[in-house]
Amino acid sequence: MTTFSAAAAIAGKDLLSEARSRERLPAMLLFAALVLLVMHFAIGLDSADRRDLAPGVLQTAFLFAGTLGLYRSFAPETEAMAIHGLMLGPVDRSAIYFGKLASGTLLLLAVQIPVVLLYELFFRANLLGGQSVSGLLLFGAILLCFSLGFMALGTTVAAICAATPVREVLLPLLLFPLSAPLLIAGVSGVRAAMAGEPVWEAARFLVLAAVAFVSVSWMCFEFALEE
């Protein structure tokens, strides 16, 4: 079995397990919706301000939802001691990383679409109503790059924290400071895409950050599993 096919099998296993248990995705959606609901009642703003704040509020909701999903990304294997079976498999251990990265990214992307629609419902900011097709594609590309970079970093951090008794505390303490540049670039990119402005600077940073996070996390992942 090649590394690619093994990674696809691990990702498929995670997604199938999620479809049966419905443990991570509903919790991620609910948590992101609660973030929007709190912002809705805590911030009294006119429609223009709501639109201006949308990139920051949305990226914050995605950040928290993604972190909640990462809490349980390695939990089934760790609790059942199945992670050792995966490590002893006849494939490179990077297959575990890329499988977990793929499933986590797909789950986060599945959260983002309803969260954007919920923001429209709560704040009535008309985020996407005036967007052209190219603007919507840029908006989606920014979210994809942010999701990939965040999950690339978060997968390795979650593997480090999975075996610790304080993973609920340790995971955000390690993940949030490291992902701050990605969050800032994501906010800038979404704001530029919504305003119809050039997004290449933010997009270039997000792509480079995603590639860097994938590369560095991939190299560190085996050491994280050993720990």
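Residues numbered from 1 in each chain as written. Predicted model: local features only at pLDDT ≥ 70, side-chain atom pairs only at ≥ 80, totals over all residues. Heavy atoms only, no water.

Asker: Hey, could you run me through the overall build of the protein in this one?
Answerer: Broken down by element type, the protein carries nine helices and zero strands. Each helix (α) and strand (β) of the protein, taken in turn from the N terminus, gives the series α-α-α-α-α-α-α-α-α. As displayed, the protein offers around 11,300 Å² of accessible surface, 71% of which is attributable to carbon and sulfur atoms. (Helix = DSSP H or I, 4+ residues; strand = E, 2+ residues; numbered from the N terminus. Areas by Shrake-Rupley, 256 points an atom, 1.4 Å probe, with all protein chains shown as cover.)

Asker: Got a minute to help me understand the packing of aromatic side chains in this structure?
Answerer: Each pair of aromatic rings is reported with the distance of its centres and the angle of its planes. With the rule as written, the count across this model stands at seven aromatic pairs. With 6.1 Å between their ring centres and 85° between their planes, F31 and F64 make a pair best called edge-to-face. Remark: F64 occurs in helix 3 (residues 47-71) and F31 occurs in helix 2 (residues 25-42); sequence separation between them is 33 residues. Judged by relative accessible area, which is 34%, F31 ranks as partly exposed. When the ring of F74 is compared with that of F221, the centres are 6.1 Å apart and the planes differ by 35°; the resulting orientation is tilted. One end of the pair, F74, is in the loop between helix 3 and helix 4 (75-79); the other, F221, is in helix 9 (residues 200-226), with 147 residues separating them in the sequence. The buried category is assigned to F221, whose relative accessible area is 1%. Taken together, the ring pairs in this structure connect F74, Y97, F98, W218 and F221 into an aromatic cluster. In this structure, K100 is placed above the aromatic ring of F74, and the distance from its NZ or CZ to the ring centre is 5.2 Å. (Phe/Tyr/Trp six-rings, centres within 6.5 Å; stacked < 30°, edge-to-face > 60°. Buried < 20%, exposed > 50% of the residue type's maximum accessible area, 1.4 Å probe, protein only. Lys NZ or Arg CZ within 6 Å of the ring centre and 35° of its normal.)

Asker: Help me understand helix 2, please; the structure alone is not making it clear to me.
Answerer: For the α-helix, the turn length of 3.6 residues means that residues three or four positions removed from each other point alike. Relative to the 26 Å expected for 18 residues at 1.5 Å per residue, helix 2 spans 26 Å between its end C-alpha atoms, a close match to the ideal helical length. Listed as buried for helix 2 are M28, A32, A33, V35 and L36. Projected onto a plane normal to the axis of helix 2, the buried residues spread over an arc of 150° and lie on a single side. Turned more than 90 degrees from where helix 2 packs its buried face, L30, V38, F41 and A42 sit exposed. (Expected span 1.5 Å × (residues − 1). Arc of directions from axis to C-beta.)

Asker: I tried to follow helix 6 (residues 94-123) on my own but got confused; where do I start?
Answerer: Taking 1.5 Å per residue, 30 residues should reach 44 Å; helix 6 reaches 42 Å between its end C-alpha atoms and fits that length. R124, located one to two residues past helix 6, shows a positive phi value of around 50°.

Asker: Got a minute to help me understand the environment of P26 in this structure?
Answerer: Along the chain, the position of P26 falls in helix 2. The sequence separation of P26 and V111 amounts to 85 residues, and the corresponding C-alpha distance is 8.8 Å.

Asker: Explain the confidence of the model for the protein here, please?
Answerer: As a general rule, the predicted coordinates of low-pLDDT regions are not to be interpreted in detail. For the protein, per-residue confidence averages 82 on the pLDDT scale, and 86% of positions sit at 70 or higher. Here helix 5 (residues 83-87) stands out as the element of the protein with the lowest mean pLDDT, 67, in contrast to helix 6, whose mean of 88 is the highest. (pLDDT = per-residue confidence, 0-100.)

Asker: Any chance you could explain the packing of helix 2 against helix 6 here in plain terms?
Answerer: Angle between the axes and distance between the axes: these two values describe a pair of packed helices. At a minimum axis distance of 10 Å, the contact between helix 2 and helix 6 shows a crossing angle of 25°. If you check the angle between helix 2 and helix 6, you find them roughly parallel. Helix 2 and helix 6 meet at a crossing whose hand is right-handed. For the pair helix 2 and helix 6, the contacting residues are L25, M28, L29, A32, A33, L36, L37, M39 and H40 in the first and L107, L108, A110, V111, P114, V115, L118, Y119, F122 and F123 in the second. In the contact of helix 2 with helix 6, the residues fall into 18 nonpolar, one polar and no charged. (Axes fitted to C-alpha atoms, helices over the stretch in contact; angles between N-to-C directions. Parallel < 35°, antiparallel > 145°, perpendicular 65-115°, else oblique. Left-handed = near helix turned anticlockwise from the far one by under 90°. Contact = heavy atoms within 4.5 Å. Nonpolar A, V, L, I, M, F, W, Y, C, P; charged D, E, K, R; others polar.)

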